[in-house]
Amino acid sequence: MQKAAATTAAALISEGLASPADEGPLTQVAERYAIAAPRHMIELIDRNVERDPIAMQIVPSTAELVTTPDERPDPIGDHTYSPVKGLVHRYPDRVLLKVHSACAVYCRFCFRREMLGPGGDSMAEDDIAAALTYIRERPEIWEVILTGGDPLVLSPKRISSLLDSLDTIEHVNVVRFHTRLAVAAPERITDELIRVLSDRRATIYIAVHSNHVRELSDDAIAACDRLTRANIPLVGQTVLLRGVNDTIESLEALFRAMVRARITPYYLHHPDLAPGTSHFRVSIETGQTLMKELRGRVSGLALPTYMLDIPGGHGKVPVGPNYVAKSPDGSALVEDVNGRSHAYPPHITDPS
Ligand SMILES: *Cc1c(COP(=O)(O)O)cnc(C)c1O
Ligand code: SF4
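Not measured: the values here are computed from a predicted model.

Visitor: Could you clarify how one ought to interpret the packing of helix H5 (residues 125–136) against helix H6 (residues 156–167) in this entry?
Guide: Axes are the key here: two packed helices are described by the angle between their axes and the distance separating the axes. With their axes 11 Å apart at the nearest point, H5 and H6 run at an angle of 25 degrees to one another. As far as their axial angle goes, H6 and H5 are roughly parallel. Taken as a pair, H5 and H6 cross one another with a handedness that is right-handed. Of H6, the residues touching H5 (which contributes Glu125, Ile128, Leu132, Ile135 and Arg136) are Arg158, Leu162, Ser165 and Leu166. For the contact of H5 with H6, the per-class residue count stands at 5 nonpolar, 1 polar and 3 charged.

See below:
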């Protein structure tokens, strides 16, 4: 029998992961933001280091009680584009369905942290029915992205019924799951789950959220293997986090390990302005410098796009780095990976 996740400040203290002196403030944190430190991730923590990158992501900190003025409960403006409960339609060809508010792990930096948790706002059966009607009536919706929370935490039976319904909507070509389950609780990528994801009319994609190379444990890699063997392509999503992965060595190791596990790094997300997460934040310049150092150093397969979700619901855009500038004569100046600039097209050398 799998030992349960730690879901309270007291449990984390008795595990030796938090200090008894912090019980008061951490209980306060827990009242606002759900806690779940899954067993598999707890076992990956290196207890000999002060700020272990796995622990930092799953063990709450008293710093979460600090909300800075620029932080907001809905940092990426989901509410602005929600025509039906649980559905976000910001781009014409795809919708998000926030089917489920629970996760196997509650990441301490989560951008939807105020809306998540065991008591959070999941979609009821009629909300799902209303969302399916909305999708059915709009032939421009090419892709449905299941997110939450973690949609793979739902029972295989519920996932199956949702996918059955989506498979009846011919214009839905792709169903993408955003999940952390393969790294948070790989034992939950069961044969039964694989079965309900397999042999669908729509193409299933899974975006695996992982932020540190040590999350890609042997068990996590085996779980990814079960998914790819079922013909499900995997892409990687990573959040750039201060103290967790904001070094060139950390990102390089993570992205190489992802490619080895057949997860193509897709997005490196600039951290969102979620409440109580300022201790994780880095500047865009830091992110750009890291991306610049990666380019040329690692395989192109191991290079995600660095993305910012513009606060207020303005959507995601790549935020660099930029390699092209305009020279005074109007031609392009392109920077190489060593930082040298080159005119494009190259200047023709004067033949005389
Ligand atoms: C992030 C997001 C998507 C997916 O964007 P991609 O660039 O296709 O990964 C879709 N809809 C909303 C509302 C989003 O926030
Ligand atoms: S798994 Fe995703 S949705 Fe759940 S807490 Fe972590 S970042 Fe948020």
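Visitor: Any chance you could explain the site of ligand 1 here in plain terms?
Guide: As a structural note, the neighbourhood of ligand 1 is formed by Val88, Arg90, Tyr91, Arg94, Leu96, Ile145, Arg176, Tyr266, Tyr267 and Lys316. Within the side chain of Arg94, one N or O atom sits 2.7 Å away from an oxygen atom of ligand 1. Those elements giving two or more residues to the shell around ligand 1 turn out to be strand S1 (87–91), strand S2 (94–100) and strand S7 (263–269). For the shell around ligand 1, the element with the highest residue contribution is S1, accounting for 3 residues. Residues belonging to the shell around ligand 1 are distributed by class as follows: 6 nonpolar, no polar and 4 charged.

Visitor: How should I be thinking about the sheet that holds strand S4 (residues 174–179) in this particular structure?
Guide: Working definition: the strands of a sheet are paired by backbone hydrogen bonds and lie parallel or antiparallel to each other. In spatial order, the strands read S1-S2-S3-S4-S5-S6-S7-S8-S9; together these 9 strands make up an open sheet with mixed pairing. Bordering the open sheet on either side are S1 and strand S9 (315–318), each of which pairs with just one other strand. Across the sheet, the mean angle from the axis of one strand to that of its neighbour is 30 degrees, orientation sign disregarded. Strands S1, S2 and strand S3 (143–148) of the sheet are contacted by H5, whose axis makes an angle of about 170 degrees with S2.

Visitor: Just to check I follow, could you spell out the domain arrangement of the chain for this structure?
Guide: On domain assignment, one finds that the chain holds domain 1 (79–318) and domain 2 (323–352). The centre of domain 1, based on its C-alpha atoms, is set 39 Å off from the matching centre of domain 2.

Visitor: Just to check I follow, could you spell out helix H9 (residues 218–229) for this structure?
Guide: Every α-helix carries 3.6 residues per turn, so stepping three or four residues along brings you back to the same face. Across its 12 residues, H9 extends 16 Å between first and last C-alpha, which sits within 8% of the 16 Å expected from 1.5 Å per residue. Buried residues along H9 sit in contact with helix H7 (181–184), helix H8 (191–197), strand S5 (203–209), strand S6 (234–239) and S7.

Visitor: Help me understand the site of ligand 2, please; the structure alone is not making it clear to me.
Guide: In the region of ligand 2, the neighbouring residues are Cys103, Val105, Tyr106, Cys107, Cys110, Leu116, Arg180 and His209. Residue classes in the shell around ligand 2 are distributed as 6 nonpolar, 1 polar and 1 charged.

Visitor: Would you mind showing me how to read the nonpolar core here?
Guide: Nonpolar side chains tend to gather and get buried jointly when the protein is soluble and globular. Of all hydrophobic cores here, the largest spans 102 residues; its most connected members are Ile135, Phe177, Leu197 and Ile206. Counting residues per element, this core draws most heavily on helix H10 (residues 248–260), which supplies 6 residues. Once residues within four sequence positions are removed from consideration, Ile206 is found in contact with Leu152, Phe177, Thr179, Leu197, Leu227, Ile232, Pro233, Leu234 and Val235.

Visitor: Hey, could you run me through the packing of aromatic side chains in this one?
Guide: Describing an aromatic ring pair means giving the distance of the ring centres and the angle of the ring planes. Under the criterion given, the structure shown has 2 aromatic pairs. With a centroid separation of 5.7 Å and 85 degrees between ring planes, the pair formed by Phe109 and Phe280 is classed as edge-to-face. Of this pair, Phe109 sits in the loop between S2 and H5 while Phe280 is found in the loop between S7 and helix H11 (284–294), placing the two residues 171 residues apart along the sequence. Directly above the aromatic system of Tyr91 lies the positively charged group of Arg94, at a separation of 4.2 Å from the ring centroid. We note Arg113 situated over the ring of Tyr33; from NZ or CZ to the ring centre the distance is 3.6 Å.

Calculation notes
- Residues numbered from 1 in each chain as written.
- Chains lettered and ligands numbered in written order.
- Predicted model: local features only at pLDDT ≥ 70, side-chain atom pairs only at ≥ 80, totals over all residues.
- Heavy atoms only, no water.
- Axes fitted to C-alpha atoms, helices over the stretch in contact; angles between N-to-C directions.
- Helix = DSSP H or I, 4+ residues; strand = E, 2+ residues; numbered from the N terminus.
- Parallel < 35°, antiparallel > 145°, perpendicular 65-115°, else oblique.
- Left-handed = near helix turned anticlockwise from the far one by under 90°.
- Contact = heavy atoms within 4.5 Å.
- Nonpolar A, V, L, I, M, F, W, Y, C, P; charged D, E, K, R; others polar.
- Near = heavy atom within 4 Å.
- Polar contact = N/O pair within 3.5 Å; in protein donor to acceptor, adjacent residues only side chain to side chain.
- Pairing = 2+ DSSP bridges.
- Domains from an automatic or database assignment.
- Expected span 1.5 Å × (residues − 1).
- Core = buried A, V, L, I, M, F, W, Y, C linked by side-chain atoms within 4.5 Å.
- Buried < 20%, exposed > 50% of the residue type's maximum accessible area, 1.4 Å probe, protein only.
- Phe/Tyr/Trp six-rings, centres within 6.5 Å; stacked < 30°, edge-to-face > 60°.
- Lys NZ or Arg CZ within 6 Å of the ring centre and 35° of its normal.

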